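# Commentary on secondary and tertiary structure
One-letter residues, chain by chain:
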Amino acid sequence: MVPQSRSVIRVALLVCGTPIPPVAEAFGGYPVIFRQLLQQGLDELKSQDRINQDVELILEGFDVREDSYPEDLHDWDAIMISGSASNAYDDISWINKLVEYVQKLHKEGEGLKMVGICFGHQIIGRAFGAKVSKSPDGWELGWTSTDLTKEGQAFWKGTVMRIQELHQDFVHSIPDGFTLLATSPHTTNQSMVSNDHRIVSIQGHPEFTGPIMKEFIKFRTANGTFSKELSEASMKVIDNPLDSVKVAAQILQFIFA
Ligand SMILES: *[C@@H]1O[C@H](CO)[C@@H](O)[C@H](O)[C@H]1NC(C)=O
Ligand SMILES: *[C@@H]1O[C@H](CO)[C@@H](O)[C@H](O)[C@H]1NC(C)=O
């Protein structure tokens, strides 16, 4: 068992997808990509003296598509739900089970925090009663400056959250008991936190860097998912600065608090 102390932050990543081959080859699978993001957030907190220098990060992946879940919740401080090429609204057994798991965890998981990214954000929306479906506006793709609400400014620090987007599904409403944190022109409900401060979610991908996004755009333009126009417009701004490290630091702060 992982030692239960505040010298370690323990994150169980519920893996809901596999990166496309060129991303997996160059950058690793989602556990590697998320560990790197959160490690950067931890280093940031340390450099600002917001956390003890000896705190370490543990992140382990559980492939929920294969029905792999953490055995003992006491081993973890947070459950993080990854992105996916699947649809959060589909009536598919592993997805239904994940939705029920989120509901159960919120009822019974005591101090455990939950963090949802993209598909994870949509799963959390669905679990708490929001409708999720394909957007009539199609894909939101690549570098995006999302606007933070008053609550979002306090939570994510700053006035905007600059992040990579890769989705065409969206959460129709902010469920009861949650507060909206960020919006974009394409997708109003970009980020939310539960009022009991147990759950936070983001529609965008703090774990995706410009180079990772370029691979996704190339791959999915070649296979006909993205139009040439969308691809070109996204590529133009793909290397713009991101707030990923700040976002990762705030996620850890949320888990640690
Ligand atoms: C969530 O998104 C929907 C659709 O864009 C929008 O109508 C609704 O006002 C948003 N909810 C909040 C709390 O902004
Ligand atoms: C294109 O690739 C993506 C990522 O692997 C996949 O989800 C999608 O189904 C593919 N689309 C087509 C039209 O082959």
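Owing to the predicted nature of the structure, the values given are computational and were not obtained by experimental measurement.

### Concerning the UniProt feature "domain: Glutamine amidotransferase" (unreviewed entry) in the protein chain
Mapped onto this numbering, the UniProt entry annotates "domain: Glutamine amidotransferase" (unreviewed entry) at residues 72-211. Annotation note: span residues 72-211, helix share 24%, strand share 33%, distance between end C-alpha atoms 36 Å.

### Quick notes on the site of ligand 1
Looking at ligand 1, the residues that line it are His172, Ser173, Ile174, Leu180, Thr188 and Asn189. Side-chain polar atom of Thr188 to an oxygen atom of ligand 1: 2.8 Å apart, as the coordinates give it. The side chain of Asn189 places a nitrogen or oxygen atom 2.4 Å from an oxygen atom of ligand 1. Calculation on ligand 1 without its partners gives an accessible area of 360 Å², and the protein chains cover 52% of this total. Looking at the shell around ligand 1 residue by residue, the class counts come to 2 nonpolar, 4 polar and no charged.

### So, the pattern of salt bridges
Applying the stated criterion across every chain, the model contains 9 salt bridges. Arg162 is the salt-bridge partner of Asp243, the closest N and O atoms lying 2.8 Å from each other. Residue Asp243 is found in the loop between helix H7 (228-236) and helix H8 (244-256), and its partner Arg162 is found in strand E7 (residues 160-167); the two are separated by 81 residues along the sequence. The partly exposed category is assigned to Arg162, whose relative accessible area is 26%.

### Points about helix H2 (residues 30-47)
The terminal C-alpha atoms of H2 lie 26 Å apart, and with 18 residues this matches the ideal 26 Å at 1.5 Å per residue to within 8%. When H2 is considered as a whole, its buried residues turn out to be Tyr30, Ile33, Phe34, Leu37, Leu38, Gly41, Leu42, Leu45 and Lys46. A positive backbone phi angle near 55 degrees is found at Asp49, which sits one or two residues after H2.

### Examining the layout of surface pockets
Sizing a probe to match a water molecule and rolling it over the atoms shows the empty space that remains. Computed from the structure, the largest pocket encloses a volume of approximately 370 Å³. What lines the largest pocket is a set of 24 residues, among which Ser84, Ala85, Trp139, Leu166 and Arg220 lie closest to the centre. Only helix H4 (119-127), E7 and helix H6 (210-222) provide two or more residues apiece to the lining of the largest pocket. Class assignment of the residues belonging to the lining of the largest pocket gives a composition of 10 nonpolar, 11 polar and 3 charged. Roughly 280 Å³ of volume is contained in the second largest pocket. Lining the second largest pocket are 15 residues, and of these Leu73, Trp76, Gly109, Gly111 and Leu112 lie nearest its centre.

### Some points on the pairing of strand E9 (residues 178-183)
Inspection of the sheet shows strand E6 (residues 140-148) paired to E9 by 2 bridges, in the antiparallel sense. Paired with Leu148 across the strands is Ala182, a residue of E9. In this sheet, strand E10 (residues 191-194) lies alongside E9 in antiparallel orientation, the contact comprising 4 bridges. Bridge assignment links Ala182 to a residue of E10, and that residue is Ser191.

Conventions adopted
- Residues numbered from 1 in each chain as written.
- Chains lettered and ligands numbered in written order.
- Predicted model: local features only at pLDDT ≥ 70, side-chain atom pairs only at ≥ 80, totals over all residues.
- Heavy atoms only, no water.
- UniProt positions renumbered as here; feature names shortened; annotations may be inferred.
- Helix = DSSP H or I, 4+ residues; strand = E, 2+ residues; numbered from the N terminus.
- Near = heavy atom within 4 Å.
- Polar contact = N/O pair within 3.5 Å; in protein donor to acceptor, adjacent residues only side chain to side chain.
- Areas by Shrake-Rupley, 256 points an atom, 1.4 Å probe, with all protein chains shown as cover.
- Nonpolar A, V, L, I, M, F, W, Y, C, P; charged D, E, K, R; others polar.
- Salt bridge = Lys/Arg side-chain N within 4 Å of Asp/Glu carboxyl O.
- Buried < 20%, exposed > 50% of the residue type's maximum accessible area, 1.4 Å probe, protein only.
- Expected span 1.5 Å × (residues − 1).
- 1 Å grid on protein atoms, 1.4 Å probe; cavity = no way out; pocket = protein on both sides within 12 Å on 5 of 7 lines; lining within 4 Å.
- Points joined across faces, edges and corners; volume = space filled by probe spheres on them.
- Pairing = 2+ DSSP bridges.

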